[in-house]
Amino acid sequence: MPSPFILDRSSVTQIMAWVLVALLPGIGAYVWLFGPGILVTLTLATVTALAAETAMLKARGYPAKPFLTDLSAIVTAWLLALSLPSLAPWWLIITGTLFAIVVAKHLYGGLGQNIFNPAMIGYAVLIVSFPVQMTQWAGPLELTSLDSSGVHLTLAQSAAVIFGSDLPKATLDAITMATPLDVLRTGLHQQMTGVGFEWLAAAFLLGGLLLWALRIISWQVPLAFLAGIWLTAGFLHFFDAGRFGAPWFHLFTPSVMLCAFFIATDPVSGATTPRGKLVFGLGAGFLTMVIRTWGGFPDGVAFAILLMNVCVPLIDQYTQPRIYGGARKEPRA
Amino acid sequence: MSRELFTFKGGVHPSGHKEASNTRPIHPAPLPKTLVIPLRQHIGNPAKPRVSVGERVLKGQMIAAASGAISTAVHASSSGVVTAIDEQPVPHISGLADLCITIKTDGRDEWIPHAPLDYQTMTAADLRLRLRDMGLAGLGGAVFPSAVKLDPGTAQTCPTLIINGGECEPWITCDDVLMRSHADEILQGTAIMRHLLGSSEILIGIEDNKPEALDAMRAAAAKLDFAVEVIAVPACYPGGGAKQMIETLTGKQVPSGKLSTDIGIQVFNVGTAHALARAVHHGEPLISRLVTVTGHVLRPQNFEVLIGTPMHLLITLAGDREGMSGVLMGGPMMGMPMPDLEVPVIKATNCILVKSDALFPPLPRALPCIRCTRCADACPAELQPQELFRFAKAGDFGRAQEYHLFDCIECGCCSYVCPSHIPLVDFYRYAKSEIWAHEKDKQAADLARERHEFRLFRQEREKAEKAEKLAAKAQAKRAELTATPAASGAATPTEADAKKALIAAALARAQAKKAEAAPQNTDNLSPDTQHEIAEIEARRAKILELARQPLESEEKT
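From a predicted model like this one, the values you see are computed outputs, not experimental measurements.

About the thresholds
- Residues numbered from 1 in each chain as written.
- Chains lettered and ligands numbered in written order.
- Predicted model: local features only at pLDDT ≥ 70, side-chain atom pairs only at ≥ 80, totals over all residues.
- Heavy atoms only, no water.
- Phe/Tyr/Trp six-rings, centres within 6.5 Å; stacked < 30°, edge-to-face > 60°.
- Buried < 20%, exposed > 50% of the residue type's maximum accessible area, 1.4 Å probe, protein only.
- Helix = DSSP H or I, 4+ residues; strand = E, 2+ residues; numbered from the N terminus.
- Contact = heavy atoms within 4.5 Å.
- Axes fitted to C-alpha atoms, helices over the stretch in contact; angles between N-to-C directions.
- Parallel < 35°, antiparallel > 145°, perpendicular 65-115°, else oblique.
- Left-handed = near helix turned anticlockwise from the far one by under 90°.
- Nonpolar A, V, L, I, M, F, W, Y, C, P; charged D, E, K, R; others polar.
- Pairing = 2+ DSSP bridges.
- Domains from an automatic or database assignment.
- Buried area = accessible area lost by both parts, 1.4 Å probe.
- Salt bridge = Lys/Arg side-chain N within 4 Å of Asp/Glu carboxyl O.
- pLDDT = per-residue confidence, 0-100.
- Core = buried A, V, L, I, M, F, W, Y, C linked by side-chain atoms within 4.5 Å.
- Expected span 1.5 Å × (residues − 1).

Caption draft 1: How the structure looks around the packing of aromatic side chains. Taken as a whole, this structure holds 13 aromatic pairs over all chains when the rule is applied. With a centroid separation of 5.3 Å and 90° between ring planes, the pair formed by F238(A) and F239(A) is classed as edge-to-face. Assessed through its relative accessible area of 67%, F238(A) is described here as exposed. Residue F239(A) is classed as exposed on the basis of its relative accessible area of 57%. On the numbers, 4.9 Å between centres and 90° between planes, the contact of F389(B) with F427(B) is edge-to-face.

Here it is in structure tokens:
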């Protein structure tokens, strides 16, 4: 065995565990806003992901233990679950998770080999295939409680909805509304301010800052992504404030914060050079706003990330940094 | 200290474990019964034996002489009889045996006559020749022949001289205790270096985790009649690497593929300065050095060890313990495992690190790279280790070279921080050796092709000559027969000459073109490898010259 003979204490498991921990504030806010239904979704996605991971590792002839304990499958499951509508039906959750783990991750070669972000592939497949189910969001607690019978669903009730049992009609009406982003698109956002989405965004931001403080993510990607959103939104708002939301409003949406700190920062499918990370983040932010504004889907984050994933090899190649003692400018074509 | 320090990029902070061995005083290791002294202890050509089996040698006697420009001599570390000159196991990563001189010591430890050198009255060239004959080589680990480094060359002077007391590798403390106990001699050596290099600025960099060494060196420096700055630098591995030390102290980076002397800086290890002082002021060649014996032993400490002493002797001396899981020469970051404890201490042996599973747990199973780029953040050469790994693993060595594989100093920081526990440095070593092997094959192929081309040319030429002769003969015959004036007879040889000149010119053109098109991938190699390759090139050039000679003589006739 050659040198070095010592290692610091980091591990893939440790990194993934911190990512999960950093998601907890967001999950907490989610429960507070939408009720405990998300916990059912998270559990279902986690179980599906671990089962799919085990089966695929076995099929590919890899030992299950070191790869299951790296926790990467759970991270994918949680990120997908948090992107889904809060009371999405069970089959939607399973389909998305299976697609993420089996196709986007393992068919591309497993951990470290996937060129696309698995959670975003899962999301994209679902929104393209099941647009109706993917755009029915339960409103936040404050909104639903304005309704006649708008009470928080209990964990059992949430599970019942997710697994397809019937609910009283009134409750169903209360929980079915356009997605927060649809609301944004249709200009209803005035009502939305102050009802809690900012709190969810803030909770994701908090978790993200923890990851940055632990140096698990770099500053470049989140900052560039947020800058991309803000600049594009600001540009649009400047020209037509009536049609386009204020930049700060676009920034403080949960999907943007989740993406900035947890999705765009996925190291496997993202750019690796410092400048490349800036390009990746800016591009993803810009594309998110473009798709949000002119695209046919309620949100652009998933497609923006996938489009930037495609560009990663190119970005990396053209943003190679200067090496120690190297020329100031690399004459690379 | 008023001096502004700079930070190099990257680096890691493994725990030092220095206190294990740096509190005990230096202990002289006993004279072993046999000394096995390898002829290749330094970078460059191995030394050539000057003694024969059965011959009695004295302590300090040159038993093998330097050969070639980059080489240095080897000496008997004690008096005794040469019992063998053959291949013995040596401390080398390959585990292969190498040529050694074995001396059965007689216990008398009898010195050869030796006297101090008056270095100030000698010419620099003479002094360097003497130092080469005294076997001086860099004791920091690279063992580059010191006489070569003490030659400022065409630049005449080397403005900045850095004495490196960084010693950033965990566990190793031989430089630390040397500075604590022999600061005056280190500075005497520094004075000689300053004299030879004509340096005006002398900086001594010592990591701030060695306060006692800093104090001792400052006190010694204050006594000198020239200015020396003793500077505490932040402890950060590999801050004791020459390039990193240069950047920390001066803010300058050594351009990729160049030497530090190209930017007017030369760096020596404190141990080398001490050995130089011993050589000049006492006439003692390099026959011993300080070795840290630490890790899983009862009494970790530093020994003054004769070159050629078997390593197991030192481990016994420091108190061997149950549960030894291996022995490294050097530190845990860049050290190499010893296949056999019979191997001798050589000039490069700064540390013998005894491993145990408790101190050095077996490395966990490697997972795939997740491109987290912690390696890139830790890389002091500012490379993209994750990309190099990808290319090396895929066998895409050309791309690896494009991404500056040969700027990698193999410090091990990338492997140290890798959360997937990938032995990254291993992949780089593999890629480098593959490229070198390919390079050698290519050179051999080039030589073979040149030989073949020359053979074809020669055959062509012989054919032409034969034809010429036949034609001349025929003509002569015809002339004889027909008695016609041979007006055309003169034209044939002229034509042949012209043809020959054309062939020669074309050959020269082709060769020039080939030389131009030769790959430049040797640019980024370490100086040592470059020297090695330069030598191979020189040999090749000589062979080519020999091959061309008949052609030239042919042209003259």
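Caption draft 2: Representation of the environment of I103(B). Residues and elements named next belong to chain B. Take I103: it is sitting in strand β8 (residues 97-105). You can call I103 buried: its relative accessible area is 0%. Distance in space between the C-alpha atoms of I103 and I37 is 7.9 Å, their sequence separation being 66 residues. Apart from the residues within four sequence positions on either side, I103 is in contact with K33, T34, L35, I37, V57, I63, A76, S78, G80, V81, V82 and T83.

Caption draft 3: Here's a closer look at the packing of helix α4 (residues 183-197) of chain B against helix α5 (residues 211-222) of chain B. Residue and element names in this part refer to chain B. For the pair α4 and α5, the least separation of the axes is 9 Å and the interaxial angle reads 55°. Here α4 is positioned oblique relative to α5, judged by the angle of their axes. At the point where α4 passes α5, the crossing takes the right-handed sense. Taken together, the residues of α5 that come into contact with α4 (itself represented by A183, D184, I186 and L187) are A216, M217, A220 and A221. Class assignment of the residues belonging to the contact of α4 with α5 gives a composition of 7 nonpolar, no polar and 1 charged.

Caption draft 4: Expanded view of the sheet that holds strand β2 (residues 34-38) of chain B. Residue and element names in this part refer to chain B. With antiparallel pairing, 4 strands are arranged side by side in an open sheet as β2-β8-β7-β4. The sheet is open, and its two borders are formed by β2 and β4 (56-57), each paired with just one other strand. Here β2 pairs with β8 via 5 bridges, running antiparallel. What sits directly across from P38, in β8, is C100.

Caption draft 5: Examining the domain arrangement of chain A more closely. All names here are of chain A. Examined at the domain level, chain A breaks down into domain 1 (9-177) and domain 2 (195-319). Listed by partner, the interface residues are 31 residues for domain 1 and 28 residues for domain 2. In total, about 2500 Å² of surface goes out of reach between domain 1 and domain 2, with carbon and sulfur atoms giving 85% of it. Inspection of the region where domain 1 meets domain 2 yields 0 salt bridges.

Caption draft 6: Representation of the confidence of the model for chain A within the structure. Residues and elements named next belong to chain A. Looking at chain A, the pLDDT average stands at 84 and 83% of residues meet or exceed 70. Scored below 50 in pLDDT, residues 141-150 makes 15 contacts in the model with residues more than four places away or belonging to other chains. Here residues 168-194 scores under 50 on pLDDT; set against residues more than four positions off or in separate chains, the count is 56 contacts.

Caption draft 7: Molecular detail of unusual backbone geometry. In this structure, the amide linkage connecting Y237(B) to the following residue, P238(B), adopts the cis form with an omega of -5°. By the element assignment, P238(B) lies in the loop between β11 (229-233) and α6 (242-250). Positive phi, close to 70°, is recorded for L71(A), a residue that is not glycine. One non-glycine residue, T373(B), adopts positive backbone phi at about 60°.

Caption draft 8: Structural view of the side chain of T41(A). Positionally, T41(A) belongs in helix α2 (residues 37-59). Excluding its chain neighbours within four sequence positions, the residues that come into contact with T41(A) are A81(A), L84(A), S86(A), I93(A) and I162(A).

Caption draft 9: Representation of the packing of helix α14 (residues 220-239) of chain A against helix α16 (residues 254-263) of chain A in the model. Residue and element names in this part refer to chain A. Orientation of α14 relative to α16, taken along the N-to-C sense of each, is 150°, at an axis distance of 8 Å. As the angle between them shows, α14 and α16 are arranged roughly antiparallel. The interaxial crossing formed by α14 with α16 has right-handed handedness. Two secondary-structure elements touch here, α14 through P222, F225, L226 and I229 and α16 through V256, M257, C259, A260 and F261. When the residues that make up the contact of α14 with α16 are grouped by side-chain class, the tally is 9 nonpolar, no polar and no charged.

Caption draft 10: Looking closely at the sheet that holds strand β3 (residues 48-49) of chain B. Residue and element names in this part refer to chain B. The 3 strands lie next to each other as β3-β5-β6, forming an open sheet whose pairing is antiparallel. The strands lining the two open edges of the sheet, one partner per strand, are β3 and β6 (74-75). Bridge count between strand β5 (residues 62-65) and β6: 2 bridges; the pairing is antiparallel. Across the sheet, the residue bridging to M62 is H75, located in β6.

Caption draft 11: View of the nonpolar core. Of all hydrophobic cores here, the largest spans 92 residues; its most connected members are L23(A) and F262(A). Considering every element that reaches this core, the biggest residue donor is helix α1 (residues 12-34) of chain A, with 12 residues. A domain-level breakdown of this core finds at least three residues from each of domain 1 (9-177) and domain 2 (195-319) of chain A. Once residues lying within four places of it in the same chain are set aside, the contact partners of F262(A) are V19(A), A22(A), L23(A), L79(A), F204(A), G207(A), G208(A), L211(A) and M257(A). Counting residues in each nonpolar core, the second largest holds 62 residues, with M134(B), L139(B), A221(B) and V417(B) among its members.

Caption draft 12: Quick peek at helix α7 (residues 270-282) of chain B. All names here are of chain B. Helix length check: α7, at 13 residues, gives a terminal C-alpha distance of 18 Å against a target of 18 Å (1.5 Å per residue), a fit within 8%. Taken across its 13 residues, α7 has 10 buried, putting it largely inside the fold. Residues of α7 that are buried: V270, G271, T272, A273, H274, A275, L276, A277, A279 and V280. On its buried side, α7 packs onto α1 (124-133), α2 (146-149), β9 (160-165), α3 (174-181), α4 and β12 (265-269).

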